Structures are given as C-alpha cells and as structure tokens.
Amino acid sequence: MDKHQHVHSHEHTKEVSNRLARAIGHLQKVKQMVEDGEDCSNVLVQLAAVKSAINNTGKIILKDHIDHCIVHAVEEGDTQMLDELNEAISKFIK
C-alpha cells in the first residue's frame, strides 16, 4: 500500500540484484559448512562476509532512495517520507 505519488526508480537495480544473488549463494555455502561440521571459527568468518555484503548492498539501496525518492519527496513537501526514511535507517542499522 504505497502512499507516494512518484515512481520508485533506482539506477542500481541490476547491481543490487547481482549483489543479493551472490550473498544468497554465499549464505547457502555457509549453511553447507555448518551442516558439514566445519570449524566454527571459519563459519563465523564466512558469516561475517555475508553480513558485510548485505550491509554494503543496503548502503547502495539507501543511496538510491535518498538520491531519488527522498529528493522528490522534499521537492513535493512530503515530510512523511522523511519520517519513513528515519524509521527504515533505524531498523537497518540495528
């Protein structure tokens, strides 16, 4: 239920999609490491790499959102969009 009047267009959609696909593949490998009984330290290091990849992907999404959606919202005087951004950032960095 999108209340906003503009189109959510992002210039990095393909890059984000590719990064997410790689992160999913990497996470599947980490799952396999756990199932195979690999060393916990190695699993934690690989899990940290997945977490970093997801965080970096989130940063790209956030930048696109600010550059496009938020700029448009500010131009339109949509302060609700700014509140939603603050809430999303808060959840993202938890």
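That block above? That's the structure.
Keep in mind it's a predicted model, so treat the numbers as computed, not measured.

A.B. asks: Whenever I open this one, the pattern of salt bridges confuses me. Can you help?
C.D. replies: Where charged atoms from two side chains of opposite charge approach closely, those side chains can pair. Using the criterion set out here, one finds 4 salt bridges in the structure. With a shortest N-O distance of 2.5 Å, lysine 63 and aspartate 67 are connected by a salt bridge. Of this pair, lysine 63 and aspartate 67 both sit in helix α2 (residues 40-76), 4 residues apart, roughly one helical turn.

A.B. asks: What am I meant to see in the environment of cysteine 69 here?
C.D. replies: Within the element layout of this structure, cysteine 69 appears in helix α2. Residues cysteine 69 and leucine 85 lie 16 residues apart in sequence; the distance between their C-alpha atoms is 9.8 Å.

A.B. asks: What's the story with helix α1 (residues 13-35) in this structure? I'm lost.
C.D. replies: Residues three or four positions apart in an α-helix share a direction because the helix packs 3.6 residues into each turn. For α1, built from 23 residues, the straight-helix expectation of 33 Å at 1.5 Å per residue is met to within 8% by its first-to-last C-alpha distance of 33 Å. Here α1 has its buried residues at Val16, Ala23, Val30 and Met33. Structurally, α1 contributes buried residues whose contacts are with α2. Following α1 by one or two positions, glycine 37 has its phi on the positive side, about 75°.

Criteria and thresholds
Along each chain, the written sequence defines residue order, and numbers are assigned to residues from 1. Residues qualify for local features only when their pLDDT is at least 70, as the model is predicted, and side-chain atom pairs are given and counted only at 80 or more; totals for whole chains, interfaces and linings, by contrast, use all residues. Side-chain figures throughout are based on the complete set of non-hydrogen atoms in the structure, without hydrogens or water. Only one rule defines a salt bridge in this text: a Lys or Arg side-chain nitrogen within 4 Å of an Asp or Glu carboxyl oxygen. Only DSSP runs of H or I with at least four residues qualify as helices, and only runs of E with at least two residues qualify as strands; both kinds are numbered from the N terminus onward. Expected helix span is computed as 1.5 Å times (number of residues minus one). We call a residue buried when its accessible area falls under 20% of the maximum for its residue type, exposed when it is over 50%, and partly exposed in between, using a 1.4 Å probe and counting protein chains only. In what follows, a contact means two residues having at least one pair of non-hydrogen atoms within 4.5 Å.

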